[in-house]
Every structure is written in C-alpha cells, then in structure tokens.
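Spelled out from the first residue to the last, the chains are:
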Amino acid sequence: MEKQKNDFSQGSVVVNILKLALPMTLAQLINVLYNIVDRIYIGMIPENATLSLTGLGLCLPIISMVTAFANLFGMGGAPLCSIERGRGNVREAEAIMGNSFVLMVITGIVLTILGLAFKRPMLYLFGASDATIGYADAYITIYLLGNIFVMTGLGMNSFINSQGFGTIGMMTVLLGAVANIILDPIFIFVFHMGVRGAALATIISQFLSAVWILVFLTGKKALLRLKPSAMRLTKKRVKDIIGLGMSGFTMSITNSTVQVMYNAMLQRFGGDLYVGIMTVINSVREVISMPVNGVTQSAQPILGYNYGAKEYNRVKTGIVFMSIVSILYTTLVWGVVHGFPEFFIRMFNREGDLIEAGIPAMRVYFFGFFMMSLQFAGQAVFVGLGKAKRAVFFSIFRKIVIVTPLIIMLPVVFGLGTTGILMAEPISNFIGGAACFGTMLVTVWPELKKGEKT
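Nothing here was measured: the structure is a model prediction, and the numbers come from that model.

Trainee: Got a sec to walk through the overall build of the protein? Specific residues and values, please.
Mentor: Within the protein, the regular secondary structure consists of 16 helices and zero strands. Expected size for 454 residues packed as a compact globule is a radius of gyration near 22 Å; at 21 Å, the protein falls within 12% of this value. For the protein, the C-alpha atoms occupy an extent of roughly 60 × 45 × 35 Å along the three principal directions. By residue count, 60% of the 454 residues in the protein fall in the buried class. Once local pairs closer than 6 in sequence are excluded, the contacts in the protein between residues at least 24 apart make up 83%. Approximately 17,800 Å² of the protein is accessible, and the part contributed by carbon and sulfur atoms is 68%. Taken as two groups, the 35 positive and 21 negative side-chain charges of the protein have centres that lie 13 Å from each other.

Trainee: So what about the side chain of T330? Which residues, and what values?
Mentor: Relative to the helices and strands, T330 is located in helix α11 (residues 312-339). For T330, a relative accessible area of 0% gives the class buried. A distance of 3.2 Å separates a polar atom in the side chain of T330 from the backbone oxygen of I327.

Trainee: I'd like a description of helix α10 (residues 272-308), backed by residues and values.
Mentor: Taking 1.5 Å per residue as the helical rise, α10 with its 37 residues ought to reach 54 Å, and the 50 Å between its terminal C-alpha atoms agrees with that figure. The largest bend along α10 measures about 45 degrees and falls at M290, with the proline P291 one to four residues further on. Among the 37 residues that make up α10, 33 are buried, leaving the element largely enclosed by the rest of the structure. Just past α10, the residue K310 takes up positive phi, approximately 60 degrees.

Conventions used here
Residues numbered from 1 in each chain as written. Predicted model: local features only at pLDDT ≥ 70, side-chain atom pairs only at ≥ 80, totals over all residues. Heavy atoms only, no water. Helix = DSSP H or I, 4+ residues; strand = E, 2+ residues; numbered from the N terminus. Rg over C-alpha atoms; globule rule 2.2 N^0.38 Å. Buried < 20%, exposed > 50% of the residue type's maximum accessible area, 1.4 Å probe, protein only. Contact = heavy atoms within 4.5 Å. Areas by Shrake-Rupley, 256 points an atom, 1.4 Å probe, with all protein chains shown as cover. Lys, Arg positive; Asp, Glu negative; His and termini not counted. Charge placed at Lys NZ, Arg CZ, Asp CG, Glu CD. Polar contact = N/O pair within 3.5 Å; in protein donor to acceptor, adjacent residues only side chain to side chain. Expected span 1.5 Å × (residues − 1). Bend = angle between axes of the 7 residues up to and from the residue.

Written out as structure tokens, the structure is:
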C-alpha cells in the first residue's frame, strides 16, 4: 500500500504536475519573502535607507554561494530519489537522502568558517564602498552564523517535494516566512537593530523551517525517512549527487559571479545609486520568476519518476505542458514589468533618484524576459532526467560565456555605460535560452520516442 502513494506513473501527468506546482509555487512565493521582506523593511528605515539597501545587496553574492551548495546536494539528491523510487528501490532512495543531508551539514560548517574569515575582502571585491561596507558587514556576519539552518532549510525541502508532499513543503517555508514577517519589524524598528535585525530575523526563521523539515523526514508520514543508518557516505552516491546537483550549483554560483560583476561594474560607472538599483532589480526578478520556478521544479520529480518507470510518453507530455505554461507566463509578466516598472521599484525604495534612474534600467534589464523560460524549461528537463553534464553546460554557457564578457565589453569597448551593463542580461536570455531549449529538443525528444518503441 505504501508504494502506491504518490505514484506519478498513474493519472494525468498535467494533474500530477499541477498538484505539486500549486503548493510549490506558493512555497516559492513564501520563500522569496525571506529576502524580499528584509529589503522592503530596510527600504523603510528613516535614515540611510538606500545605503542600507545597497549594503544588503552587496551580500547577495555570498547568499547565492550558500544557496549554490544547498542546491548542489538538494537538487542533486532529490531527482535521484525520484528516479530510484520510480524503480521501486526505496532503500537506495533513503541512502541518497541521508548522504545529501550529511554533505549539507559538513559544507554548512565549512562555509561559515571561511565566510567569517574573508567577509570584508569579499564585500569590497563585490563593489562595497566606505559608505556601504558597514551595513553589508553587519548583515552578512549574522547571516553566516546561521548558515547551517539556511542550508538545511533550502536543501532538505527538495526531498519533501520529491516524494509528492508539496503541501508539506509549502508549510516548511510558510512557517519561516511568517516568523520573518513578524520578527523583521520588531528587530529593525522596535529594537533599532537595522540591518542586523533583518539578518537575525531571517536566521531565526530558517531555524524554524529546518526543525520542521527534520521532524517530518524522521516521522512516520514520510515515504522516505531520514535515518542514521542511511547517512554513511559512499563514494558512488556522493559522486552521483554532486554530478547531478552541479546544474543547480552552477546556476547559483554563476548567478553569484554575475552579481559580483554587475555590482563592480555598476559601482564603477554609476556609483552606489546603481548598485542600489541592481538590488531592486534582483528583488523584482526573484518575485516575477517565482511562478515559473515553481512549475519547472514541480515537473522535475514527475519527469524523473516516469523516466525511471520507462513511461516515456508521459515524460513527453510533462515537457510540453511545462514549456507552454512557462513561455505564456514569462511573456505576460514581461509586459507587466515593462508597462509598470515604477510600481515594482516602489515596493523596495521610494527615493526620487533611485526611482528616476531605476525605471529605464528595469526596462532594459527585463527586455525579452520570455526567452528566459526556455532556459528554465530546458534545465528542468535535463535535471529531472538525470542528464547532469548538459544541465551544467548550459548553466555555464549563459552566465559565464555570454553574460560576464558582455558586462565588461558593452560599457568599456562600446561606451554604453550603465545601459550596456544592463543589456548583458537580455542578450544572454535570447542566445542561452534558445540554445538550451533547442538542444533539449534535439537530444532528449528522439531518445524518448525511441524508448516508446522498445
């Protein structure tokens, strides 16, 4: 009876995806609130709101690095669990989850030690000035001290979702987000802690989420349980987890690299004001990307399970549905952002200079945003089916091969200034998105058709 629960090879593929997508999308929305709420409240600080917001923005590359390692083991282990569960190999699926958890804990401790040791040099490298370094240092110090809770909260929730418990996964982040929303104004305004209060509220919230996850995964309701006996690391499992997780890791670490480049070049050509604008842009991007992330990530366990069960026609149906929904949504949201950029900016900052310069910046950065959906969809297929090398390649291709050189060349070689820096993103969306999705169609689709005939 237990094996029949959350059997993704039964029923409508679209319905299965939607059952996971709705709670996972809500979970994405709630998860975004962790960082977004911090920025909204910091933008309301009576004095030095823009400098405080800019300081927090300088911490985003370090936060992205933490997320990268959470993705390395979470997004690496969870699809493998889905594939093994589809094959009926529960013991191996639990061993993969246990190994992933141990890797998260060890890495979290190491990142905390290294981060605290090198935080100030890194922040200056990321574009900090003497005016913003104090705010950035204050935030990231507290964040790093609670890093292990962040790692567990982000990484292990993937194993709840991969078992089909999308609602439980949503409740994980809901618990933390509600705590964050309540604690932020208390620490920031009542206790006058400023950015330190925002960081402390985030860490306490992530701690609550991490406890919730561990209670569920060690309890009786979970299909795959986190057991001490499954935590012994083996070379093959670690290699497989890291191999598949390299896609999510590479996407996050390259995001961190690109954020560093953006901040450094915008500081050079536009000063603290444009670093602040980039913080707002990143915040808006997190909000509007959330639904398409929810759809593509919820499709991964469905695709992986059916791929493991050799239900190739169902895999194809899942790919088509996920791709159409992603393209339609990103096209719609691009139109909204282009038409009403000031509305989104005012969510995070209401100072006149930032709004005036931010409106054209938003329109440039998000131009043709619908092409990004092709990258999301293509990556989701590669990760869901366990094709790690292709997923990693296209993560590197868009961010490192295309975006990073353009951030340097467009303002320096072509004299386009801050506009040229912001143009790097839409150009990479068109080239990288088309290449990723096109390669998926050319390589994966024939394989699935051939599998149907055998």
